[in-house]
Amino acid sequence: MIRTTTLLPALLLTLFAHAAFAQSTPSQAPPKLEKIEEMADDPITVTAKPAQERQITEKRDNSGQVVEATVKSGPSTYKVKPNHPVGSALPGDAMGSANRGPQWTVMEFDIGKKKKKTTEEDGSSDTAAPPAVK
């Protein structure tokens, strides 16, 4: 009798579960869709940038391999260098990095060059002469 008492609740549980899943099956009819109004917008025109705005300069070593590439695209400038792992490390190892990001040129200074005089400075220096000493 012990065996039938454990089987009866398990059998009832499976029957109720099957009945619950049978009732929750979705219908075969497709869902109702709403109609969207079409709007007449102006057509979009895409123009490619001229090749003059983008300039790529490559530096090579004696063996002909690219050591550095400088890219000028509009107002921004950046340098890209290949990833050479140090020692015997391979790309993907703990000591070798997988990627090497670009180096952006943020600001350049003209340290060794003299400042150019503007036309305002040139004009003001001619009109305002120092007073003569008597």
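Residues numbered from 1 in each chain as written. Predicted model: local features only at pLDDT ≥ 70, side-chain atom pairs only at ≥ 80, totals over all residues. Heavy atoms only, no water.

Named according to an unreviewed UniProt entry, the protein is DUF2782 domain-containing protein originating from Rugamonas aquatica.

**So, the environment of Gln103**
Going by this rule: Where helices and strands are cited, they refer to DSSP runs of H or I of at least four residues and of E of at least two residues respectively, numbered from the N terminus. A 1.4 Å probe rolled over the protein chains alone gives each residue an accessible area, and that area as a share of the maximum for its type sets the label: buried under 20%, exposed over 50%, partly exposed in between. Residue contacts are counted whenever heavy atoms from the two residues lie within 4.5 Å of one another.
With respect to the helices, strands and loops of the structure, Gln103 is situated in strand β4 (residues 103-104). Residue Gln103 is classed as partly exposed on the basis of its relative accessible area of 38%. Sequence separation of Gln103 and Thr70 is 33 residues, and the distance between their C-alpha atoms is 9.4 Å. Not counting chain neighbours up to four residues away, the residues in contact with Gln103 comprise Thr77, Tyr78, Lys79 and Lys81.

**Brief notes about the sheet that holds β4**
Defined as follows: Only strands that DSSP links by at least two bridges are regarded as paired with each other.
Strand order in the open sheet formed by four strands is β1-β2-β3-β4, and the pairing between neighbours is antiparallel. Each edge of the open sheet is held by one strand with a lone partner, namely β1 (54-60) and β4. Relative to strand β2 (residues 66-73), β1 runs antiparallel, the two being bridged by seven bridges. Residue pairing in the sheet places Arg60 in a bridge with Val66 of β2.

**A few points about a nonpolar patch on the surface**
Here is the rule we go by: Patches draw on residues past 30% relative accessible area with no salt bridge. Two like charges within 9 Å are joined, as are two nonpolar side chains (Val, Leu, Ile, Met, Phe, Trp, Tyr) within 5 Å. Accessible surface area values rest on a Shrake-Rupley calculation with a 1.4 Å probe, where residue burial reflects the displayed protein chains alone. Salt bridges are identified by distance alone: a Lys or Arg side-chain nitrogen within 4 Å of an Asp or Glu carboxyl oxygen.
Among the surface-exposed residues, Leu8, Leu11, Leu12, Leu15 and Phe16 lie close enough to one another that they form a single nonpolar patch of about 530 Å² accessible area. Position of Leu12 among the secondary structure elements: in helix α1 (residues 2-23).

**Re the pattern of salt bridges**
Tallied over the full model, the rule gives four salt bridges. Linked through salt bridges whose partners overlap, the residues forming this network are Lys59, Glu68, Lys79 and Lys81.

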